[in-house]
Amino acid sequence: MPLTIETYDAGQILTPGAGYLSDYDYSLNPYVGCAFGCSYCYAAFFAPLDKQDSWGDWVRVKQNAAQKLTRMRRSLDGKTVYMSSATDPYQPIERRLELTRSLLPILAEKGARLVVQTRSPLVTRDIDLLSRFDQVCVNLSITTDSDDIRRAFEPRNPPIADRLDAAATVAEAGVPVAITMTPLLPLADASAFAERVAATGATRFVTESFASTNGHFRAGTGESARDLSTAAGWDRAAYESARDTLLRELAPNIREGESGFNPEYLLSSPAPR
């Protein structure tokens with residue numbers, strides 16, 4: 001199905017941090033929707049009901065995002081911004097529109113402390129702008145060591161090797177990198193995977209299982225991803241076994257779950273290994 005693209009003027013561009021991002025001052029989503037369309041994406045739960053089943057097939061572009069951010073009267077000096085919580089700021093359309101790229105110099109000028117969350121090697125394009133921040137971290141999502149698993153759970157995503165290369169390129173340029181193994185998908189060899197992600201030069205690591213659907217209004221992992229996990233034999237015990245290996249081999253700079261996204265953890269200097 002071809003991607004449906006809609007542009008519109010957003011009422012606001014910064015949203016106060018809440019939920020698992022409550023330690024952030026703001027989240028920033030240049031887009032609504034995400035063409036990567038991962039089977040496990042919790043953000044699909046926040047889409048309008050008539051669009052949830054077509055998650056990944058549509059994107060809404062906040063065409064006035066740069067103008068809104070520029071015209072903000074208040075400074076962002078010392079404020080933490082998470083980009084993005086419900087979309088990928090470097091999804092394929094960004095290559096042509098450069099909307100995310102237009103926001104980076106504004107955020108840097110206003111003094112923001114920035115965490116960027118993406119699974120796209122396109123982030124390497126903006127190393128020049130990311131280097132302007134006094135405090136920044138690029139979170140690269142690398143969820144498995146198997147492209148067969150990737151194709152099953154996240155078929156529209158870049159290959160694992162490309163994401164590892166991107167992490168290494170960003171880290172080599174002096175921009176701090178965190179590898180977010182969230183959710184951790186089935187692994188062929190957890191120990192070898194730990195070696196591969198450590199070799200990128202990343203200084204922070206985060207792992208977690210699928211998001212729980214328990215709790216009032218709590219968005220979680222969709223049924224299709226859970227069915228795929230069952231078929232792959234990826235149950236709680238399998239996750240915990242892989243997790244324990246990662247926690248052991250990537251210590252002390254790895255956390256599990258929500259605490260791994262804390263801005264003070266991501267934006268502070270790593271402990272020596």
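Residues numbered from 1 in each chain as written. Predicted model: local features only at pLDDT ≥ 70, side-chain atom pairs only at ≥ 80, totals over all residues. Heavy atoms only, no water.

### A word on the sheet that holds strand β10 (residues 204–207)
So, step 1. Reading across from one edge, β2-β3-β6-β7-β8-β9-β10-β11 is the order of the eight strands in this open sheet, with mixed pairing throughout. Strands with a single pairing partner mark the edges of an open sheet, and in this sheet they are β2 (14–16) and β11 (254–256). Adjacent strand axes in the sheet meet at a mean angle of 25°, parallel and antiparallel pairs treated alike.
So, step 2. Here strand β6 (residues 80–83) pairs with strand β7 (residues 113–118) via four bridges, running parallel. Of the residues in β7, the one forming a bridge with tyrosine 82 is valine 115.
So, step 3. Across the face of the sheet, helix α9 (residues 236–249) comes into contact with β9 (177–181), β10 and β11 while running at roughly 155° to β11. (Pairing = 2+ DSSP bridges. Helix = DSSP H or I, 4+ residues; strand = E, 2+ residues; numbered from the N terminus. Axes fitted to C-alpha atoms, helices over the stretch in contact; angles between N-to-C directions. Contact = heavy atoms within 4.5 Å.)

### Describing the pairing of strand β5 (residues 58–62)
So, step 1. Of all five residues that make up β5, four are buried, and the element is covered over most of its length.
So, step 2. With five bridges connecting them, strand β1 (residues 4–8) and β5 associate as parallel partners. Paired with isoleucine 5 across the strands is valine 59, a residue of β5. (Buried < 20%, exposed > 50% of the residue type's maximum accessible area, 1.4 Å probe, protein only.)

### Side note on unusual backbone geometry
So, step 1. With an omega of 15°, the peptide bond running from methionine 83 to serine 84 counts as cis.
So, step 2. For serine 84, the location among the structural elements is in the loop between β6 and α2 (93–97).
So, step 3. Omega for the peptide link from threonine 182 to proline 183 comes to -5°, which places this bond in the cis form.
So, step 4. The phi torsion at glutamate 98 lies on the positive side, around 55°, for a residue other than glycine.

### Looking at the nonpolar core
So, step 1. Residues Leu114 and Ile179 are the most contacted members of the largest nonpolar core, which totals 60 residues.
So, step 2. Not counting residues up to four positions away in its chain, the partners in contact with isoleucine 179 are Leu140, Ile142, Ala167, Val197, Thr200, Ala202, Arg204, Phe205 and Val206.
So, step 3. If you look at the next biggest cluster of nonpolar residues, it comprises 11 residues, including Val115, Cys137, Ala178 and Leu266. (Core = buried A, V, L, I, M, F, W, Y, C linked by side-chain atoms within 4.5 Å.)

No statement about biological role is implied by the geometric values presented.
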